[in-house]
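Observations on chain architecture
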Amino acid sequence: MKGTPETIEQFYKHKYDEDLCVEIKKNTGQFGVFRVEDRIRTGTTSPSFIRRNFFKIMLLQGDSIFHYGDKSIPVTGNTLLFFNPHIPYTYEPLSLDSKGIFCVFSNEFLNGNFRLDLLKLPLFTTKDQPVFSIKGDDFSELKAVFEKIIKEADTDYVYKYELIKHYLCELIYYGMKLKPIEYNTEAVNAAYRITSVFMELLERQFPIELKIQRFEFRLPKTFADQLSIHVNYLNRCIKKQTGRTTTDHIAERLISEAKALLKYTKWDISEISYVLGFEEQSHFTNFFKKYTNITPGSFRQV
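To keep things clear, this report deals only with the structure shown in the data block. Fair warning: this is a prediction, and the values are worked out from it, not measured in the lab.

1. Here's the deal with the sheet that holds strand E8 (residues 131–133)
- Strand order in the open sheet made by the 5 strands is E1-E7-E2-E5-E8, with antiparallel pairing throughout. Strand pairing shows two members of the sheet lacking a second neighbour, strand E1 (31–35) and E8, which therefore form its edges. Each strand of the sheet is rotated relative to its neighbour by a mean of 10°, with strand direction disregarded.
- Sheet analysis places strand E5 (residues 78–83) next to E8, joined by 3 bridges and oriented antiparallel. Within the sheet, the bridge partner assigned to Leu-81 lies in E8 and is Val-131.

2. Points about the packing of helix H7 (residues 190–203) against helix H9 (residues 231–242)
- At a closest axis distance of 8 Å, the pairing of H7 and H9 adopts a crossing angle of 100°. The angle between H7 and H9 falls in the class roughly perpendicular. Contact residues: Ala-190, Ala-191, Tyr-192, Ile-194, Thr-195, Phe-198 and Met-199 in H7; Tyr-233, Leu-234, Cys-237, Ile-238, Lys-240, Gln-241 and Thr-242 in H9.
- Looking at the contact of H7 with H9, its residues break down into 10 nonpolar, 3 polar and 1 charged.

3. A closer look at unusual backbone geometry
- With an omega dihedral of -5°, the bond running from Phe-206 to Pro-207 counts as a cis peptide bond.
- Tracing the backbone shows Pro-207 in the loop between H7 and helix H8 (220–227).
- One non-glycine residue, Ser-228, lies in the positive phi region at around 55°.
- Within the secondary structure, Ser-228 is located in the loop between H8 and H9.
- At Asn-293, a residue that is not glycine, the phi angle is positive and equals roughly 65°.
- Here Asn-293 shows up in the loop between helix H12 (281–292) and helix H13 (296–301).

About the thresholds
Residues numbered from 1 in each chain as written. Predicted model: local features only at pLDDT ≥ 70, side-chain atom pairs only at ≥ 80, totals over all residues. Heavy atoms only, no water. Pairing = 2+ DSSP bridges. Helix = DSSP H or I, 4+ residues; strand = E, 2+ residues; numbered from the N terminus. Axes fitted to C-alpha atoms, helices over the stretch in contact; angles between N-to-C directions. Parallel < 35°, antiparallel > 145°, perpendicular 65-115°, else oblique. Contact = heavy atoms within 4.5 Å. Nonpolar A, V, L, I, M, F, W, Y, C, P; charged D, E, K, R; others polar.

Everything listed is a geometric property; what it means functionally is a separate question.
Next up, the structure:
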């Protein structure tokens, strides 16, 4: 896992089969449209809490909680959502009866023809949470635009992407007319959400099964950067929820993995030291002894 945002190509590769990835890249590489129901059927409805280097517009029919930056926003019914490369996000697993459509696209996809810098639009500023509850005629109009995008994407029309760009612009300008959802910040505990995502990011680095793997996120600040929050805020949230420090959690998981590697592999201690992120074996030995009162070599012989 890297500290850089997920690219649109990585999104396709991770979420969809190779044939679809090749087809998308051949056609445009910078745009895709998908039904939420299809994602649910494949079990890929909850993205990781990371930043992406592309934009996403989603029309959702269903209930969930969206974690957007350091905010958690409950949604119900029909919701229009916009996501941009500045803010990490994820959402709770969707119910089996959830429906909807979403588009992913790069800034360049629109920039080429429309000279539209999305990151300069109010809809995509970092201070707002562009999540809109949609009612009545608004929902019908928006759904019709999304359906046009899906229909056009399946055609062989030579100018289909030009039409799709117009539809995306329609969604963007429509969204700028709407009022964001007003939500109770106490409805979802932000400290709980941040702690949960921290634990997910920590656990996702394990198990280490290959010598080419490496434990990269070892410092609280590294995690805070991934969550786009200040490290002091991260530390307060972790302490509030667990009664323990961020460093304690990282060290505990690191020691657990170190013990497993020492016990169940024949790797040299220098190799284990490397994959766990230590530049020098002596640093690993001192770290291990600090938390276990025994050296790695002695532990392996027990």
